[in-house]
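# Fold and contact review
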Amino acid sequence: MIENTRGPSELDQVPDRDPEETAEWAASLDAVVAAAGPQRASYLMRRTLEHAERAGLILPRFLESDYVNSIPTAAEPLFPGDEEMERRITAWNRWNAAAMVTRGSRFGLGGHIATFASAAWLYETGFNHFFRGKGSDGSGDQLFLQGHASPGIYARAFLDGRLTEDHLDRFRQEPGSGGLPSYPHPRRLPWLWEFPTVSMGLGPLSAIHQARFNRYLHHRGIKDTGLSRVWAFLGDGEMDEPESTAALALAGREGLDNLTFVVNCNLQRLDGPVRANFKIVQELEAQFRAAGWNVVKALWGSAWDDLFTLDTTGALVRRLREVPDGQLQTYATRDAAYIRQHFFGADPALIEMAKVLTDAQISECFHTSRAGHEPRKVYAAYRAAVNHQGAPTVVLVQTVKGHTLGSGFESRNANHQMKKLTGREFRALRDLLDLPISDTRLDDELVPYAHPGPGSPEVRYLHDRRAALGGPAPARTFHPVALPTPSAKPFEAPALGSGNQEVATTTALVRLVKDLMRETDTGRRWVPIVPDEARTFGMESFFPAFGIYSPVGQNYEPVDRDQLLYYREARDGQVLNEGITEAGSMASFTAAATSYATHGEPMIPFYIFYAMFGWQRTADQMWALADQLGRGFLVGATAGRTTMTGEGLQHGDGHSHLIASTNPAAVAYDPAFAYEIAVIVREGLRRMYGAKPEDVFYYLTVYNEPRIQPPMPREPGVEDAILKGLYRFRQAENHHSAADVPRLQLLASGTAIHWVLEAQRLLAEDWGVAADVWSATSWSELRREALECDAAWLQGGKRVPYVTRALAGAPGPVLAVSDWMRTVPDQISQWVPQEWHSLGTDGFGLSGTREAVRRHFGVDPHSIVVAALSALAHSGTIDVQTVREARARYGR
């Protein structure tokens, strides 16, 4: 009798219309348990539920299946290729990958051998039969390849003629020309790599959002991506990264059947087993199934077929389910006697099974026979994945890490750190792979590369298969498509100012983007991205005007449908309202920012977020964005340490510009006024989407503090100075006074310019000091240009940095003020000819009114006055007693 451990309220929640029939079903199950045992009862229940699921009945889903292949051998489709030819191709690739890393080890450069050794057939089967190239209909497939497998990808590009021996010999030797980057880096090798994947976890997250963005383009009518598939190749250890599983539910929820994950389950991560005491395949299966994915397991090779045929009681399947991964790895390194004792000896039925198995059979099964090393089983799994509709698919494929590299590598904990093979090991590898490499060629200390010849059957077969699939892969193509220049109209309002109305720079930017999205030629190219804070940033008007993207449209009546700014979802919606996920938002931004290359369709992503939760939280993704040559606008809203009133320590951003300055592709600005924003955005559109597009992206910080927005000054050269990073916004009213009037220069960025303007007034009225106010729109761009000038000096040039020229002759010391750490403005101090002083918001943020917090950090107008007088006293312009008087007057 099966005991019920649940309370009666759980069982009786749904009324039983026929208790007698229910009792009969329960009695039948009890009878099976009594007659055939619990294993048989479990088997029948599992098969019944599987049948019910296939029939479309609504039942709780199975989260785990048996630890066997999802596709039985009898159900495998015919293999369409020449298996022997593909084996030879794979052999050449294995050899050259190992040779490349081993030769590089002479220089201490390292590299990874074991990953590709385990995954070689996972890639080769895809390249020969599944991965669509850029010359096929649509955009081809997008391949997120495992970073540590890059030697194998280079080896295949060498075989197909796209790389030479010289290229391979410069693996990880990039200075100069012709060197190969260690991992997939589009910025370093832009004709080959599309996606940087070696920062673990970013690959799977990016792949999901890439597949989702493909659908977005399709549903909005911008590009037919119906034939494009995203493939992501991952390691089972990589799945520990939170980003790896962060968006699984999104893919399942939106039914992204244009997406396939291939998780190479060699059961090892860098230092040892992934789940030594548990089973990573079963864990991943449950995670993916729970998220709505189709799961295909390809675990055991054909040598296991005879064992499963002998398993008439299910004892083998049960034993495979209960053995932890750490023990499976041990079996892979031990002899048949050990396996007979410790695996088969655990069950009487298995003891009988083992009696009819030879030691050779047992060793083959437990040492090397994995589905991932057999092209027929890999092909069957991939075919099932691409044929499945309505949900994304994950292929959990089992391999041996270090396969073919010898007993010193295979399934060993340390194999990830092994960087070379010995001459003896290369001879054994040659014999195993059956390659025509003579012993004389192996007598040299330097192992040779090997190639069957450009006209060989292997190379012809490889080229024929790739031609049938649309050209070489992986490959990145870029055909420049310049977008039309926006009309002048959207930029007119910011240039005129806001009159008497107070407007936050966040609002000014949002209004500008909204107007640009209404442009006839380019409006549909904008991709607004926001992590569930659209109303915070004043973007609720985007909802009815442009729609929120949803692949299913809107299947409900929104609660605010009778209001003007109602919440509208649509299949062709333009806004990506991502929910509370900055990582997901950045992944969508990257997909849109690189669409110009991936799909030949330039898009203009505009991602706005709480500044504190941008660079601090997702800087790794922003680095990958730069690697991927992405273009677009990142916007840190509610920027600065002191503008988030009442929010406290974890909301006050005083350092994002410092982090942004570390990214060579980031063009960062901290504009103070609406007209500055307009000038910067217009220039950004020109640089990123004009006739000669640059591989940069823009970072703008904007503030939630309403202020009067002045009109743009009419002085010639203002726009150019805004873009360079510094211009004089307001001269001191008494700047023509007698020479004995104390003078100084006040530099400010962002919202700090308003505090500085007030300090300018106080200095003049209370202390007779004439101060000029400069708007520093970009500290980092000033520094970048100054560094270029320094480099030119080293080459014999005579370039003077712009910041030096701009401030040349300006009287008095310089005091720089911002809502950032002092290190941000201090970036330019060495190129400022005057005596340098700075104020900033170093330290943790805290709750309070803006005024109180600014006084705490010493950046309020009164503190600025005291600091300015102190700078004048330090330079000998005024007496130190004046500083003491100011401190007493202002309580500083």
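Remember, it's a predicted structure, so these values are computed and weren't measured experimentally. (Residues numbered from 1 in each chain as written. Predicted model: local features only at pLDDT ≥ 70, side-chain atom pairs only at ≥ 80, totals over all residues. Heavy atoms only, no water.)

### Quick look at the overall build of the chain
- From N to C terminus, the chain includes 36 helices and 20 strands.
- Within the chain, the fraction of its 892 residues that count as buried is 58%.
- Relative to all contacts within the chain whose residues are 6 or more apart in sequence, the contacts with residues 24 or more apart total 77%.
- For the chain, the accessible area works out to roughly 36600 Å², and carbon and sulfur atoms hold 51% of it.
- Between the averaged position of the 90 positive side-chain charges in the chain and that of its 106 negative side-chain charges there is a distance of 4 Å. (Helix = DSSP H or I, 4+ residues; strand = E, 2+ residues; numbered from the N terminus. Buried < 20%, exposed > 50% of the residue type's maximum accessible area, 1.4 Å probe, protein only. Contact = heavy atoms within 4.5 Å. Areas by Shrake-Rupley, 256 points an atom, 1.4 Å probe, with all protein chains shown as cover. Lys, Arg positive; Asp, Glu negative; His and termini not counted. Charge placed at Lys NZ, Arg CZ, Asp CG, Glu CD.)

### Quick notes on the packing of helix α5 (residues 114-129) against helix α20 (residues 457-468)
- Orientation of α5 relative to α20, taken along the N-to-C sense of each, is 60°, at an axis distance of 7 Å. Compared by their axis directions, α5 and α20 come out oblique. On α20, the residues touching Gly126, Phe127, Asn128 and His129 of α5 are Tyr461, Arg465 and Arg466.
- Of the residues assigned to the contact of α5 with α20, the class counts are 2 nonpolar, 3 polar and 2 charged. (Axes fitted to C-alpha atoms, helices over the stretch in contact; angles between N-to-C directions. Parallel < 35°, antiparallel > 145°, perpendicular 65-115°, else oblique. Nonpolar A, V, L, I, M, F, W, Y, C, P; charged D, E, K, R; others polar.)

### Re the packing of aromatic side chains
- Under the definition given, this model contains 47 aromatic pairs.
- Between Phe261 and Trp293, the ring centres sit 4.8 Å apart and the planes meet at 55°, which makes this aromatic pair tilted. One end of the pair, Phe261, is in strand β3 (residues 259-265); the other, Trp293, is in the loop between α11 (280-290) and β4 (294-298), and 32 residues separate them in sequence. The pair Phe261 / Trp293 is uniform in exposure class, with both members buried.
- Considering the side-chain rings of Phe673 and Tyr675, the 5.6 Å spacing of their centres and the 20° angle between planes classify their relative orientation as stacked.
- When the ring centre of Tyr596 is taken as origin, the NZ or CZ atom of Arg631, which lies over that ring, is 3.8 Å away. (Phe/Tyr/Trp six-rings, centres within 6.5 Å; stacked < 30°, edge-to-face > 60°. Lys NZ or Arg CZ within 6 Å of the ring centre and 35° of its normal.)

### A short note on the confidence of the model for the chain
- Confidence in the prediction for the chain averages 93 pLDDT; 97% of positions are at 70 or higher.
- Considering only residues more than four positions removed or in separate chains, one finds that residues 1-11, a stretch of pLDDT under 50, has 6 contacts. (pLDDT = per-residue confidence, 0-100.)

### Things to note about the pattern of salt bridges
- Tallied over the full model, the rule gives 46 salt bridges.
- Lys134 is the partner of Glu194 in a salt bridge, and the nearest nitrogen-oxygen pair spans 2.9 Å. Of this pair, Glu194 sits in the loop between α7 (165-168) and α8 (202-219) while Lys134 sits in the loop between α5 and β1 (142-144); the two residues are 60 residues apart in sequence, bridging distant segments of the chain.
- The shortest N-O distance in the salt bridge between Lys355 and Glu352 comes to 3.0 Å. On the criterion of helical spacing, the pair formed by Lys355 and Glu352 is a turn pair, its members being 3 residues apart in helix α16 (residues 348-355).
- A residue is classified by how much of its surface remains accessible, and Lys355, at 59% relative accessible area, is exposed.
- When salt bridges with common partners are traced through the structure, they connect Glu84, Arg87, Arg88 and Glu458 into a single cluster. (Salt bridge = Lys/Arg side-chain N within 4 Å of Asp/Glu carboxyl O.)

### What to know about helix α28 (residues 674-689)
- Across its 16 residues, α28 extends 22 Å between first and last C-alpha, which sits within 8% of the 22 Å expected from 1.5 Å per residue.
- With 14 of 16 residues buried, α28 lies mostly within the body of the structure. (Expected span 1.5 Å × (residues − 1).)

### What to know about a negative patch on the surface
- On the surface, a cluster of negative charge is made up of Asp16, Asp18, Glu20, Glu21 and Glu24.
- Among the structural elements, Asp18 can be located in the loop between α1 (8-11) and α2 (19-36).
- Given the relative accessible area of 35%, Asp18 is considered partly exposed. (Patch = residues over 30% accessible without salt bridge, like charges linked within 9 Å, V, L, I, M, F, W, Y side chains within 5 Å.)

### Quick look at the nonpolar core
- With 129 residues, the main nonpolar core has Phe633, Leu634, Leu747 and Leu869 as its most contacted residues.
- Sequence-distant contacts of Leu634, defined by excluding residues within four places in its chain, comprise Met586, Phe589, Tyr607, Phe609, Trp615, Met622, Leu625, Phe697, Tyr698, Tyr699 and Leu700.
- Membership of the second largest hydrophobic core comes to 67 residues, among which are Ala98, Tyr123, Ile153 and Leu163. (Core = buried A, V, L, I, M, F, W, Y, C linked by side-chain atoms within 4.5 Å.)

### A word on the environment of Trp836
- Of note, Trp836 is situated in strand β20 (residues 836-839).
- Sequence spacing of Trp836 and Arg54 is 782 residues, and the spatial spacing of their C-alpha atoms is 74 Å.
- A polar side-chain atom of Trp836 sits 2.9 Å from a polar atom in the side chain of Asp826. (Polar contact = N/O pair within 3.5 Å; in protein donor to acceptor, adjacent residues only side chain to side chain.)

### A word on the packing of helix α30 (residues 752-767) against helix α35 (residues 861-874)
- Running from N to C, α30 and α35 cross one another at 60°; their axes reach a closest spacing of 8 Å. Considering their axes alone, α30 and α35 lie oblique with respect to each other. You can see that α30 and α35 cross each other, and the crossing is right-handed. Across the interface between the two elements, Trp755, Val756, Glu758, Ala759, Leu762, Leu763 and Trp767 from α30 touch Pro861, His862, Ile864, Val865, Ala868 and Leu869 from α35.
- Of the residues in the contact of α30 with α35, the class split is 11 nonpolar, 1 polar and 1 charged. (Left-handed = near helix turned anticlockwise from the far one by under 90°.)

### Considerations on unusual backbone geometry
- Across the junction of Ala473 and Pro474, the peptide omega takes the value -5°, indicating a cis bond.
- Note that Pro474 resides in the loop between α20 and α21 (489-496).
- In this structure, Arg172 is a non-glycine residue whose phi angle is positive, near 65°.
- Inspection of the secondary structure puts Arg172 in the loop between α7 and α8.
- Of note in this structure, Leu629 is not a glycine but carries a positive phi near 65°.
- In this structure, Leu629 sits in the loop between α26 (615-627) and β12 (633-637).

### What to know about the sheet that holds strand β18 (residues 770-775)
- What the 5 strands build is an open sheet, ordered β16-β18-β17-β19-β20; its pairing is mixed. Sheet topology places β16 (727-730) and β20 at the edges, where each strand pairs with a single neighbour. When the angles between neighbouring strand axes are averaged without regard to direction, this sheet yields 30°.
- Pairing of β16 with β18, which is carried by 3 bridges, proceeds in the antiparallel orientation. Residue Arg728 lies in a different strand from β18, and its bridge partner there is Trp774.
- Against the sheet, α30 touches β16, β17 (743-748), β18 and β19 (814-817), its axis set at about 170° to β18. (Pairing = 2+ DSSP bridges.)

### Some points on the pairing of β18
- Burial analysis of β18 places 6 of its 6 residues in the buried class, which makes it a mostly covered element.
- Burial along β18 is two-sided: the residues Ala770, Asp772 and Trp774 and Ala771, Val773 and Ser775 are all buried.
- Here β17 pairs with β18 via 6 bridges, running parallel. Pairing of Ala748 across the sheet is with Ser775, part of β18.
- Regarding topology, α30 serves as the crossover connection from β17 to the parallel β18, and that connection is right-handed. (Right-handed = clockwise from strand over helix to strand, strands pointing away.)

### Brief notes about the pairing of β20
- Residue alternation in β20 divides its side chains into two sets, Trp836 and Ser838 and His837 and Leu839, and both sets are buried.
- Note: β19 against β20, 4 bridges, orientation parallel. Residue pairing for β20: Val817 is matched across the bridge by Leu839.

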